[in-house]
Amino acid sequence: MSSHQILQFRSDPFVLSHCCRHTHLTSSLTLQSPLKQPFSGLRFRWRRSNHGGVRSSTTEAQSNKEEALVSETATTTIELKRVYPFHEIEPKWQRYWEDNRTFRTPDDVDTSKPKFYVLDMFPYPSGAGLHVGHPLGYTATDILARLRRMQGYNVLHPMGWDAFGLPAEQYAIETGTHPKTTTLKNIDRFRLQLKSLGFSYDWDRELSTTEPDYYKWTQWIFLQLYKRGLAYQAEVPVNWCPALGTVLANEEVVDGVSERGGHPVIRKPMRQWMLKITAYADRLLEDLDELEWPESIKEMQRNWIGRSEGAELNFSILDGEGRETDKKITVYTTRPDTLFGATYMVVAPEHHLLSYFVTAEQKQQVEEYKDFASRKSDLERTELQKDKTGVFTGCYAKNPANGDAIPIWVADYVLASYGTGAIMAVPAHDTRDNEFALKYNIPVKWVVKNEANLSDDAKQVYPGLGIIENSSSSETGLDINQLSSKEAGLKVIEWSERTGNGKKKVNYKLRDWLFARQRYWGEPIPILILDESGETIAVSESELPLTLPELNDFTPTGTGEPPLSKAVSWVNTVDPSTGKPAKRETSTMPQWAGSCWYYLRFMDPKNPEALVDKEKEKYWSPVDVYVGGAEHAVLHLLYSRFWHKVLYDIGVVSTKEPFKCVINQGIILGEVQYTAWKDQEGIYVSADTEERLNEHQQVTIPEEKVMKSGDHFVLKEDPSIRLIPRVYKMSKSRGNVVNPDDVVLEHGADSLRLYEMFMGPFRDSKTWNTSGIEGVHRFLARTWRLVIGLPQSDGSFKDGTIVTDDEPTLEQLRTLHKCIAKVTEEIESTRFNTGISGMMELVNAAYKWNNQPRRIIEPFVLLLSPYAPHMAEELWSRLGHPNSLAYESFPKANPDYLKNTTIVLPVQINGKTRGTIEVEEGCSEDDAFVLASQDEKLRKYLDGQSIKKRIYVPGKILNVILDRTNVKVATK
């Protein structure tokens, strides 16, 4: 089928859709009615329909009459025009790559060659499929992979699926469809979409976290953690929804209610599996310095780990008579220098001693407050801007520094999971403590002198360091007055250790990892619980994988028991070593589990005997480049690093860190949306003239009705009406998702790849603009015509090329090698957009040449191939090469052609400088004169003139002396 054809068929919408799907109709269409009149204003964008075809949707509102005409069973003429035949090229080369397994990395590679392991963060195969934001990172890694292959590296570039997770289970609950069925269907769709974009993945290594052959080794890793005391059970607060009868993940709770149904959610203690990541806190922190990661990511991890040095101090609880009891509340503080300023204490509602010391008079109030606090998430409780709440327990504790009795309060801004679950409150030197003290009329005592503010105003908090005052007690023997904060802190620690009132302490914000989910669709935890004693027993490694039982009912039990508890015959078992009755653990692992170590399995995906072969791991580790979104900058990377270090300790891996270089790509935001406001009469209100815009009706204005005026956007029809432009993340709820399938159908995969790389710096967020893709599409079309030639009269292109075997000129060689140097450097520095600019410059220059020498065009095609592999493969084939270019040597810039050997030569006419010309070093007098004669500015002085003589000093000047006695008249 040529690139410019007329098709006629009945215009039933399904027939139109079916025909478009099977003929790859993707270009601009002109619909004609039975009367041969075009349907005015119709523009089409192709979308995938429910029956697997492509449906057309108008991008402008059409009248009912026009819609009726389209749906009539009349003959419709569709005219296709394509600037180059991407619809034929791209499927052709995708088939070639698949049939020939072009990008397969052999199991046994030549280890004398350098390696390059480039990896995308594991995608979750959602039912929605890809949107145009996903291919951004995938295209970048593909460009890097293709470059390194052509540079002679062994390249490992795999793809797989992080496929356990909540969405598939929720869908199963709602529809009765088994999560495995949904997951496999979604994976098939994702794989098809990725292949349509020409990514050079080694599909022989494809894996899914849901496959028993894979999660066998996830379970094996869990057992190694368990054997080393790094996996344990503990009572921890969870999000419990009584109405749904299930535990919810944090992301399923919004503003204290369940995301599904809006039911109240409370915090409830439950016995859960935990992983002791805190045992590796120091190593996780220290080894960050060795990594080639963005400093922002490393800082986020440092903050999440939150290492701090301070003191644990003990406050004795006082009885009703003010006497010390044998119970103490221990607090952790980074400011022991402020101990004398502690005027009250706060314990978390979950503190283990609260029920012991709360007085009878305050008990009911405290219990009500505990219930109130249980309905909040940790994030809500610790939000700095929220109003502080609390209840007095009726009890007091003794400040160990001065012997003062200070009240003990319970408040939700203190968490049981951080520190000791209790704090000493110093309202003069902590903002939260100060707000609380002012609200409840608690005394404020100033103990750190701020040289810039000597006031003791209780409302002026000073959290900084300074000189200590009001901090001496003859009763306790502690005096830190006039010391600096640092000196005072050290003295308090020394005193507390000597007197038994405390000790030096290193603390972390990092908490142990809650590793259990009360869900079905996850890896079973390979643990047995003996019926008699409740003792936990590890399943034998020889029995792995412990597979999920088949269930037809995935709904929550309503009791807090996980859905797996319904598989009674699977749950009830015996301990093989003792024969005692036991039950299987019915919680499953979180989605994080499978994605913690997948990079290792890609090295050796079919090995039934080991997680990864030692020699293969030693060669391929670590991952050289790991690309993904910044939303995974903390948890996923931290959990992966933790597991990797455990595997390093037991000899499974040879490196301390899994990922050498991490790159976060920017977000692709939806297209700009322009908002206007109308008053009650329907009259537009300018955004800069009304303060109460929220009282007016918001309306969205189409882009074609908007224009730029200075720094603002206004209505075309009334420029006095200013609009507000906004961009949002792509989401189904906003209706701003752009499906890559549509873009590929209309412009081709190479255009999409090129556009995503050309939008701006790879690490920056960018705004999608569908019309912007036209620019790179035109560039590809110009490149095609540069090599193939102009289309024939029917719109098709002839076979072969217009490339010549002429020797290239020096100018052509310089242009090429400058392009080679730029593209190579920009790819390796992930400045993909400027690499494209370099290729555009070469194409622009080439259109001015009289010929297209093979020695120029072939290297250029190789340069283009990492970005636009389909077109490059086709051009390479038409240039006479029988094999794929995937393993051809990437061009290298010749330094000789990068030198600037031209000079600017002044040109004088009769001794007066009239201009300059650019000449090569060593240029002859005749060549210099020819260039001067061709120069637009100098021609007017030389045209038609008789030359008396020329004075030429090479590299210095050309002086042309005109013969004034024999003037020639220039002909027009």
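Report on the accompanying structure. (Residues numbered from 1 in each chain as written. Predicted model: local features only at pLDDT ≥ 70, side-chain atom pairs only at ≥ 80, totals over all residues. Heavy atoms only, no water.)

It is worth spelling out unusual backbone geometry at this point. In this chain, Leu544 is followed by Pro545 through a cis amide linkage whose omega measures 5°. Looking at the secondary structure, you find Pro545 in the loop between strand E25 (536–538) and helix H15 (568–571). Located in the positive-phi region is Gln482, a residue other than glycine, with phi close to 70°. By secondary structure assignment, the location of Gln482 is in the loop between strand E21 (478–479) and helix H14 (485–499). (Helix = DSSP H or I, 4+ residues; strand = E, 2+ residues; numbered from the N terminus.)

So, on to the pairing of strand E11 (residues 266–275). Two strands pair when backbone bridges link them, and strand E7 (residues 231–241) and E11 are joined in this way by 10 bridges, in the antiparallel orientation. For Pro237, the partnering residue across the bridge sits in E11 and is Pro269. Looking at chain direction, E11 and strand E23 (residues 513–514) are connected through 2 bridges and run antiparallel. Pairing of Met274 across the sheet is with Leu514, part of E23. (Pairing = 2+ DSSP bridges.)

With 16 residues, helix H22 (residues 773–788) should cover 22 Å at 1.5 Å per step; its first-to-last C-alpha distance of 22 Å lies within 8% of that length. Listed as buried for H22 are Ile773, Val776, His777, Phe779, Leu780, Ala781, Thr783, Trp784, Leu786, Val787 and Ile788. Its buried side turned inward, H22 meets helix H3 (86–100), helix H20 (740–747), helix H21 (749–758), helix H24 (832–846), helix H25 (854–864) and helix H26 (869–878). Looking at the residues trailing H22, positive phi occurs at Gly789, about 105°. (Expected span 1.5 Å × (residues − 1). Buried < 20%, exposed > 50% of the residue type's maximum accessible area, 1.4 Å probe, protein only. Contact = heavy atoms within 4.5 Å.)

Strand order in the open sheet formed by 4 strands is E6-E5-E28-E29, with parallel pairing between adjacent strands. A strand with exactly one partner marks an edge of an open sheet, and here the two such strands are strand E6 (154–156) and strand E29 (662–664). If you compare each strand with its neighbour and ignore which way they point, the axes differ by 20° on average. Looking at chain direction, strand E28 (residues 625–628) and E29 are connected through 3 bridges and run parallel. For Val627, the partnering residue across the bridge sits in E29 and is Ile663. (Axes fitted to C-alpha atoms, helices over the stretch in contact; angles between N-to-C directions.)

Following the criterion strictly, the structure yields 43 aromatic pairs and no others. Taking the centre distance of 5.9 Å and the plane angle of 65° together, the rings of Trp217 and Trp220 count as edge-to-face. Taken together, the positions of Trp217 and Trp220, both in helix H7 (residues 212–227) and 3 residues apart, correspond to about one turn of that helix. On the basis of relative accessible area, Trp217 is assigned to the buried category, the value being 6%. Seen from their ring centres, Tyr619 and Trp620 are 4.9 Å apart, and the 75° between their planes marks the pair as edge-to-face. Residue classification places Trp620 among the buried positions, given a relative accessible area of 2%. Grouping aromatic residues by their ring pairs yields a cluster made of Phe222, Tyr226, Trp273, Trp513, Phe515, Trp592, Tyr639 and Trp643. We note Lys268 situated over the ring of Trp240; from NZ or CZ to the ring centre the distance is 4.3 Å. (Phe/Tyr/Trp six-rings, centres within 6.5 Å; stacked < 30°, edge-to-face > 60°. Lys NZ or Arg CZ within 6 Å of the ring centre and 35° of its normal.)

Within the secondary structure, Thr175 sits in helix H5 (residues 166–175). Among the residues examined, Thr175 registers a relative accessible area of 42% and is labelled partly exposed. Within polar-contact distance, the side chain of Thr175 engages the side chain of Thr177 at 3.0 Å. (Polar contact = N/O pair within 3.5 Å; in protein donor to acceptor, adjacent residues only side chain to side chain.)

Below, the discussion takes up the nonpolar core. Core analysis: the biggest nonpolar cluster contains 88 residues, and Leu194, Met757, Trp768, Phe832, Met839 and Tyr867 have the highest contact counts within it. Each of domain 1 (107–215 + 600–664) and domain 5 (742–897) contributes no fewer than three residues to this core. Excluding residues that lie within four positions of it along the chain, Leu194 makes contacts with Leu130, Tyr138, Met159, Trp161, Phe199, Tyr201 and Trp203. (Core = buried A, V, L, I, M, F, W, Y, C linked by side-chain atoms within 4.5 Å. Domains from an automatic or database assignment.)

The next thing to look at is the side chain of Asp679. Summarising the element assignment, Asp679 is placed in the loop between strand E31 (673–678) and strand E32 (684–685). The side chain of Asp679 is buried and forms no salt bridge, while Lys678, the nearest opposite charge, is found at 8.8 Å. With near-sequence residues (within four places) excluded, Asp679 lies in contact with Val685 and His696. (Lys, Arg positive; Asp, Glu negative; His and termini not counted. Salt bridge = Lys/Arg side-chain N within 4 Å of Asp/Glu carboxyl O.)

This next bit is on the pattern of salt bridges. If you walk through the whole model with that rule in mind, you get 46 salt bridges. With its nearest N and O atoms 2.4 Å apart, the salt bridge here joins Glu541 to Lys227. Of this pair, Glu541 sits in the loop between E25 and H15 while Lys227 sits in helix H7, and the two are 314 residues apart along the sequence. Residue Asp649 is joined to Arg283 by a salt bridge in which the shortest nitrogen-to-oxygen separation is 2.9 Å.

Time to look at the packing of H21 against H26. Where H21 contacts H26, the two axes come as close as 7 Å, and the packing angle between them is 125°. The orientation of H21 relative to H26 falls into the category oblique. Contacts from Ala749, Asp750 and Arg753 in H21 reach Pro869, His870 and Met871 in H26. Its residues placed into classes, the contact of H21 with H26 shows 3 nonpolar, 1 polar and 2 charged. (Parallel < 35°, antiparallel > 145°, perpendicular 65-115°, else oblique. Nonpolar A, V, L, I, M, F, W, Y, C, P; charged D, E, K, R; others polar.)

Quick look at helix H23 (residues 810–828) now. Across its 19 residues, H23 extends 27 Å between first and last C-alpha, which sits within 8% of the 27 Å expected from 1.5 Å per residue. Among the residues making up H23, those that are buried are Gln812, Leu813, Arg814, Thr815, Leu816, His817, Cys819, Ile820, Val823, Thr824, Glu826 and Ile827. Residues of H23 that are buried in the fold lie against helix H4 (135–150), H24, H25, strand E38 (902–909) and strand E39 (912–920). Trailing H23 by a residue or two, Thr830 shows a phi angle of about 55°, which is positive.

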